[in-house]
Each structure stands twice: as C-alpha cells, then as structure tokens.
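# Observations on the three-dimensional arrangement
Here is what each chain is made of, one letter per residue.
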Amino acid sequence: MDEVEGVVNGTLDYTQLKGDTGPLVYPAGFVYIFLVFYYMTDHGTNIRLAQYLFAGLYLTTLFLVFRIYSRTNKVPPYVFFFMCCASYRIHSIFILRLFNDPVAMAILFLAINLFLEDQWSWGCFCFSLAVSVKMNILLFAPGLLYLLLWRFGLLRAIPKLAICAILQVVLGLPFLVVNPAGYLTRSFDLGRQFLFRWTVNWRLLPEEIFQHRAFHLALLVAHLAALGLFALNRWHRSDESILSLLKDPSERKAPPQRPQVVFALFTSNFIGICFSRSLHYQFYVWYFHTLPYLLWCTPPKTLPQLLRVLILGLIELSWNTYPSTVYSSAALHVCHGIILLQLWYGTASSLDSQKEKQPLKKAE
C-alpha cells in the first residue's frame, strides 16, 4: 500500500517508489492491481476486507487449478484434500500476508486454462499480465515458447509473442516515459541480491557461497542445461529435429505428437524452482498447486503412492520451518531431486511405450 500510494501522489519515477519493506521491485501490473485494492480497502486501512478479497482469490485459484487437473486426468481425487486443507503456509500467504505472488499465479492459471481451450492469443495476454504482477512467471516462459512453436511455427508464433511484449510496454508506459532505465532495472532486476536470512532452500550453505557470483552462475548453467534436456528429450516427441518446430506445422514431414501443455509448463517452472538462487517463504505458491501433477503424472510403478504423499508432506514441513535450517533445506532439495528424477525417468518409459505402439499401427 505504501508503494502504490506514491503513484497516487503523482510519483511515476520507479526509483522513488518505496515502502516500509523497501523499494518497489515489481512491474507495473502490480501497481494497477494493488491500486484497486488500495481504493477498495479505504487506502489500505480495512485489512479485514482485504482478507476477504484474498479469500475470494484463493477460491478462484482453486477453481482454475481444479479445472486444469480435470483436463489432465492424472491425479487421484484424494490428493486434492492436501491441496485444499493441508497447507498452513499457503493459507498464510493468501489470507494473512496478502502477497502479490498469489495474484500473479491466479492470472497464470487462467492463462493455462485458455491455452488448454486453444485460445492462444488470450492466453498470451493473460500470461503477460501475470508477468506484469511478478516476474517469477517467466519461469514458465521456456515451456510456453516451446508450445507456441509447436502450435504455430516461428512466423505465426511471432504475433503471439508480440502480444506479450506490447502489453508490457502499454502497462509500463507511464513509468517508462518518466524514467525508462529506472523502471526496467527495478521491475525486471535479474541480478538482485537476496538476503541469506530469508532463504528456504540454501540454508545448508555458508553465506559467503550463497552470495558468491560463481555460485549464481553455476545455478544458471544447471538451469539452462536441465531445460535443454527436457525440451529435447521430454517435451519434443518427434523423429524430426527440434528445429523442425520453426517450420509451419503443415510443412513438417513428421508432425510431432501433441505435447502435454500442462507438463511442459509445469516442468519448465519446476526446473526454475530447483535451481533458484533463493526461495523465500512466499515463493511456495509459485509451485505448490503444481506439485500433485508433477508427482502423479508419471506411471504408478515410478514411485509408490505412499512415497508421493510423503514427499508432499516433507516439502510442506520444509516450508513451515522458520527460520529454515540445514535439515529443512536439505530435505527440500532431496524432495525436489526425487521429483525431477521421476519426471525424467517416468516420462521416458511412457515415451518408449508410445514408440512401440507406432509400428503396430503401421502394420495394421
């Protein structure tokens, strides 16, 4: 409320916008949405009404997530109990803390629903709107780029990408006119240093390593390598090179199998989470609602059902440990590693079974 109140008072220089928690470091979409909250809650003083608004946002998010899961048909119904009722931290992020992270994720889940309905232009619009609230949504961008190239090829994907770019310019225009460098460096600061005291995932390291640029570079390299491996071997399902995606779909010799939209987007985001420089407590909402899919999208033989539930519980315990400890951080990394490995090996077995079926179809 302090940060957006500066805009109300006429300050459009992003470097001058700040509040009690520090400078404004979110894109312009955050400002507009929280300005609405500002006026609806009597300039931020009616906290109870704000909590009711976020309770509505929470239920809306669940509706959008359930709609996605109903299309995938991967997760057993009992798992939704854990999603709705078992996370103290998620309820805190929504109802007690009133962070912008849930706002961004709700818009993102709306975009994914639109992608599933083949409404790619509106989906890209909502995706860009979510980015304008908080740029963690960019973790989904590699998966989205792959899907756009699969669906449209390079030339026809450009207009969809233009929708994303133009919306960012339009939303940021009042601030770009006043101080373009200030707006871009504050709202899209990819090199921002995080405080060691708030980290959930890297408490097991000494602070000197946590803050070292070489460590950050190593994480970036690992992140890009993992994305490349998944894009080449798990998202792309065709005998042709992945470069064939640059062609128009009608010109491809062997059209790639329809990719799993949710799988590409959720794994893209999860890989970013695994190699994140730091995870703060409110960041849990970045992937909490995707965890059931990530754990249950592989065949039953990949992981026992009880182990999948146990992993959910350990992740929740890690995020509820404050301050984080060496053991909570280590447990979180172990759980992330198991999920990543089962996504890699579990989906490989499904791909092999699909390849085995193709010669049979040709013979028939």
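What counts and what doesn't
Residues numbered from 1 in each chain as written. Predicted model: local features only at pLDDT ≥ 70, side-chain atom pairs only at ≥ 80, totals over all residues. Heavy atoms only, no water. UniProt positions renumbered as here; feature names shortened; annotations may be inferred. Helix = DSSP H or I, 4+ residues; strand = E, 2+ residues; numbered from the N terminus. Rg over C-alpha atoms; globule rule 2.2 N^0.38 Å. Buried < 20%, exposed > 50% of the residue type's maximum accessible area, 1.4 Å probe, protein only. Contact = heavy atoms within 4.5 Å. Areas by Shrake-Rupley, 256 points an atom, 1.4 Å probe, with all protein chains shown as cover. Lys, Arg positive; Asp, Glu negative; His and termini not counted. Charge placed at Lys NZ, Arg CZ, Asp CG, Glu CD. 1 Å grid on protein atoms, 1.4 Å probe; cavity = no way out; pocket = protein on both sides within 12 Å on 5 of 7 lines; lining within 4 Å. Points joined across faces, edges and corners; volume = space filled by probe spheres on them. Nonpolar A, V, L, I, M, F, W, Y, C, P; charged D, E, K, R; others polar. Expected span 1.5 Å × (residues − 1). Arc of directions from axis to C-beta. pLDDT = per-residue confidence, 0-100. Core = buried A, V, L, I, M, F, W, Y, C linked by side-chain atoms within 4.5 Å. Patch = residues over 30% accessible without salt bridge, like charges linked within 9 Å, V, L, I, M, F, W, Y side chains within 5 Å. Salt bridge = Lys/Arg side-chain N within 4 Å of Asp/Glu carboxyl O. Phe/Tyr/Trp six-rings, centres within 6.5 Å; stacked < 30°, edge-to-face > 60°. Lys NZ or Arg CZ within 6 Å of the ring centre and 35° of its normal.

- Going by what an unreviewed UniProt entry lists, the chain is known as Dol-P-Man:Man(5)GlcNAc(2)-PP-Dol alpha-1,3-mannosyltransferase and is assigned to Anolis carolinensis.
- Reading the Subcellular location (unreviewed entry) entry of the UniProt record for the chain gives the comment "Endoplasmic reticulum membrane".

## As for the overall build of the chain
- Scanning the chain for helices and strands turns up 15 helices and two strands.
- Here the C-alpha radius of gyration of the chain, 21 Å, is about what a compact globule of 364 residues would show, namely 21 Å.
- Its C-alpha atoms give the chain principal-axis dimensions of roughly 75 × 45 × 40 Å.
- In the chain, which comprises 364 residues, the proportion classed as buried is 50%.
- Here the analysis covers contacts within the chain between residues at least 6 apart in sequence; of these, 73% occur between residues at least 24 apart.
- For the chain, the exposed surface amounts to about 17200 Å²; the carbon and sulfur share of it is 67%.
- Charged side chains of the chain number 29 positive and 20 negative; the gap between the two group centres comes to 7 Å.

## Quick word on the layout of surface pockets
- In this model, the largest pocket occupies a volume close to 1400 Å³.
- Where the lining of the largest pocket is concerned, the elements lending two or more residues are helix H1 (2-8), strand E2 (22-23), helix H2 (28-40), helix H3 (47-72) and helix H5 (88-96).
- If you tally residues by element for the lining of the largest pocket, the top one is H5, at four residues.
- Considering only residue class, the lining of the largest pocket consists of 20 nonpolar, 11 polar and seven charged.
- There is about 870 Å³ of room inside the second largest pocket.
- Contributing to the lining of the second largest pocket are 31 residues, with Met135, Leu139, Leu190, His223 and Arg277 lying nearest its centre.

## Here we look at helix H14 (residues 305-320)
- The end-to-end C-alpha distance of H14, which contains 16 residues, comes to 23 Å, matching closely the 22 Å that a straight helix rising 1.5 Å per residue would cover.
- Among all positions in H14, only Arg308, Ile311, Leu312, Ile315, Glu316, Ser318 and Trp319 are buried. Buried residues in H14, looked at end-on, bunch into an arc of 160 degrees, giving them a common side. With respect to the buried face of H14, the exposed residues turned more than 90 degrees away are Leu306 and Leu317.

## Focus: the confidence of the model for the chain
- In the predicted model, the chain carries a mean pLDDT of 92, and the fraction of residues at 70 or more is 95%.
- Taken together, the stretch residues 355-364 has pLDDT below 50 and engages in one contact with residues farther than four places along the chain or on a different chain.

## Details of the nonpolar core
- Core analysis: the largest hydrophobic core is formed by 107 residues, its most contacted members being Phe266 and Ile315.
- The residues touching isoleucine 315, leaving out its near neighbours within four places in the chain, are Tyr284, Tyr287, Leu291, Leu332, Cys335, His336 and Ile339.
- One finds Phe194, Phe196, Phe215 and Leu219 within the second-largest nonpolar core, a separate group that totals six residues.

## Looking at a nonpolar patch on the surface
- Among the surface-exposed residues, Leu154, Leu155, Ile158, Leu243 and Leu246 lie close enough to one another that they form a single nonpolar patch of about 510 Å² accessible area.
- Examined against the element boundaries, leucine 154 turns out to sit in helix H8 (residues 141-178).
- By relative accessible area, which is 38% here, leucine 154 ends up partly exposed.

## Considering the pattern of salt bridges
- Scanning all chains against the criterion turns up six salt bridges.
- Between glutamate 117 and arginine 67 there is a salt bridge; the shortest N-O distance is 3.1 Å. With glutamate 117 in the loop between helix H6 (101-116) and helix H7 (120-131) and arginine 67 in helix H3, this residue pair connects regions lying 50 residues apart in the sequence.
- Its relative accessible area of 35% is what places glutamate 117 among the partly exposed residues.
- Given the relative accessible area of 33%, arginine 67 is considered partly exposed.
- Among the ionic contacts, a cluster of salt bridges with common partners joins Arg67, Arg71 and Glu117.

## Here we look at the environment of leucine 149
- Assignment of secondary structure puts leucine 149 in helix H8.
- Here leucine 149 falls in the buried class, since its relative accessible area comes to 15%.
- Each C-alpha atom of the pair leucine 149 and serine 244 lies 9.3 Å from the other, and the pair is 95 residues apart in sequence.

## Some details on the packing of aromatic side chains
- Taken as a whole, this structure holds 32 aromatic pairs when the rule is applied.
- For the pair phenylalanine 37 and phenylalanine 54, a centre-to-centre distance of 5.5 Å together with 45 degrees between the ring planes defines the contact as tilted. Taken together, the residues span a long stretch of sequence, with phenylalanine 37 in helix H2 and phenylalanine 54 in helix H3 at a distance of 17 residues.
- Given the relative accessible area of 17%, phenylalanine 37 is considered buried.
- Ring-pair connections join several aromatic residues into one group, and the members of that group are Tyr14, Tyr32, Phe175, Tyr183 and Phe188.
- Lysine 160 extends its terminal NZ or CZ atom over the ring of phenylalanine 152, reaching a point 5.0 Å from the ring centre.
- Above the plane of the ring of tryptophan 344 lies arginine 234, whose end atom (NZ or CZ) is 3.8 Å from the centre.

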